[in-house]
Amino acid sequence: MLKDITIGQHFPGNSPVHRCDPRLKILLVIAYIVILFTVTNFLGLALSILLLAGLYLMARIPLKLILKSLKPIMPIVVFTAVLNLFFMGGEGEPLVSFWVFRIYKEGVAYAIFMAVRIVALIAGTSLLTYTTSPIVLTDAIERLLRPFAKLHMPVHELAMMMTIALRFIPTLIEETDKIMNAQKARGAMLDSGSLSDRVKAMVPILIPLFISAFRRADELAMAMECRCYRGGEGRTRLKVLRFGALDWQALVLCTLAFAALWATRFLMPGVL
């Protein structure tokens, strides 16, 4: 399961999605999230999935990789769907009724709707990290937050911390997998027993993981100090971010697509 988590990983490429300005991609991802939560019917949700599928095809990211990355969040998706299935009321006779629970047709529709929306949300935000390297992402976040520097906010440091945290997610996942394998080789039963036994079995994993994380943080801080890192003041960029023709085309096309998604609110009744 841990190997299936691809959050924070970057997959190099030369597709139009990879070449777009990272500032534009961040803003478009935020806009996509907002539009996704304004969509109230299955037509808009289906169009948003088609838009996302087209972007993934353009970025040449394998479908198997996408499905593999969605596997770790499936418990959350299922839990959300079950909650909406049992606690969403409806009109008329329930489809299923037992004890204090009643399942209505509206509850089934809304459970499916929310499950697909969460999957689209995760897949849409993952596309940003798949197609943008951590260094470029740092520069983009810093440029977007630059107006807040007038309020004496440490913009560069915040962007650096966010990117370092994103960068070390795959490393910590790999370290956790190694520790778990080492504990299993020593006879630890991590996948069996009661819930309390499994919680207790996590202690020999969490302690070495925290020690390793603090050691990596100390090594990174020492390496940055040895390279005379003193924050963002006076620093130059290897690649200066500039809007090009491709970025303007992407902005126009995505704006039209988002407008079409928002317009579906008036074409069909909502799920509720």
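First things first, this report covers the structure right here in the doc. (Residues numbered from 1 in each chain as written. Predicted model: local features only at pLDDT ≥ 70, side-chain atom pairs only at ≥ 80, totals over all residues. Heavy atoms only, no water.)

## Section: the packing of helix α2 (residues 22-38) against helix α11 (residues 245-263)
Helix packing geometry: the angle between the two helix axes and the distance between the axes.
Stage number 1. Running from amino to carboxyl end, α2 crosses α11 at an angle of 5°, the nearest separation of the two axes being 10 Å. The angle between α2 and α11 places the two elements in the roughly parallel class. Contacts from Leu 24, Leu 28, Ala 31, Tyr 32, Ile 35 and Thr 38 of α2 reach α11 at Asp 247, Ala 250, Leu 251, Cys 254, Phe 258, Leu 261 and Trp 262.
Stage number 2. Split into classes, the residues belonging to the contact of α2 with α11 amount to 11 nonpolar, 1 polar and 1 charged. (Axes fitted to C-alpha atoms, helices over the stretch in contact; angles between N-to-C directions. Helix = DSSP H or I, 4+ residues; strand = E, 2+ residues; numbered from the N terminus. Parallel < 35°, antiparallel > 145°, perpendicular 65-115°, else oblique. Contact = heavy atoms within 4.5 Å. Nonpolar A, V, L, I, M, F, W, Y, C, P; charged D, E, K, R; others polar.)

## Focus on the side chain of Ser 48
Stage number 1. With respect to the secondary-structure elements, Ser 48 resides in helix α3 (residues 42-59).
Stage number 2. Given a relative accessible area of 1%, Ser 48 falls into the buried group.
Stage number 3. Not counting residues up to four positions away in its chain, the partners in contact with Ser 48 are Tyr 32, Leu 36 and Leu 261. (Buried < 20%, exposed > 50% of the residue type's maximum accessible area, 1.4 Å probe, protein only.)

## So, unusual backbone geometry
For residues that are not glycine, phi is negative in most cases, and the peptide bond is trans in most cases.
Stage number 1. One non-glycine residue, Arg 60, adopts positive backbone phi at about 60°.
Stage number 2. Mapping Arg 60 onto the fold places it in the loop between α3 and α4 (63-70).

## Overview of the packing of α3 against α11
Stage number 1. For the pair α3 and α11, interaxial distance at closest approach is 8 Å and the crossing angle is 160°. With respect to α11, the element α3 is oriented roughly antiparallel. Of the two elements, α3 crosses α11, and the hand of that crossing is left-handed. Here Gly 44, Leu 47, Ser 48 and Leu 51 of α3 lie close against α11, whose contacting residues are Ala 257, Phe 258 and Leu 261. (Left-handed = near helix turned anticlockwise from the far one by under 90°.)

## Digging into the nonpolar core
Stage number 1. Counting residues in each nonpolar core, the largest one holds 34 residues, and the members touching the most others are Tyr 32, Leu 36, Leu 52, Tyr 56, Ile 61, Leu 127 and Phe 258.
Stage number 2. Counting only elements with at least two residues in this core, the list comes to α2, α3, α4, α5 (74-87), α6 (105-131) and α11.
Stage number 3. Ranked by residues supplied to this core, first place goes to α6 with 11 residues.
Stage number 4. Other than its neighbours up to four places away in sequence, Leu 52 contacts Tyr 32, Ala 120, Ala 123, Gly 124 and Leu 127. (Core = buried A, V, L, I, M, F, W, Y, C linked by side-chain atoms within 4.5 Å.)

## As for the pattern of salt bridges
Stage number 1. What the rule picks out here adds up to 3 salt bridges.
Stage number 2. Ionic pairing is found between Asp 21 and Arg 23, a salt bridge with its closest N-O pair at 2.9 Å.
Stage number 3. Relative accessible area serves as the criterion here: at 4%, Asp 21 is assigned to the buried category.
Stage number 4. The salt bridge involving Glu 175 is made with Arg 216; its shortest N-O contact spans 3.1 Å. Of this pair, Glu 175 sits in helix α8 (residues 155-185) while Arg 216 sits in helix α10 (residues 203-226), and the two are 41 residues apart along the sequence.
Stage number 5. Overall, the relative accessible area of 17% leaves Glu 175 in the buried class.
Stage number 6. Arg 216 sits in the partly exposed class, given a relative accessible area of 31%. (Salt bridge = Lys/Arg side-chain N within 4 Å of Asp/Glu carboxyl O.)

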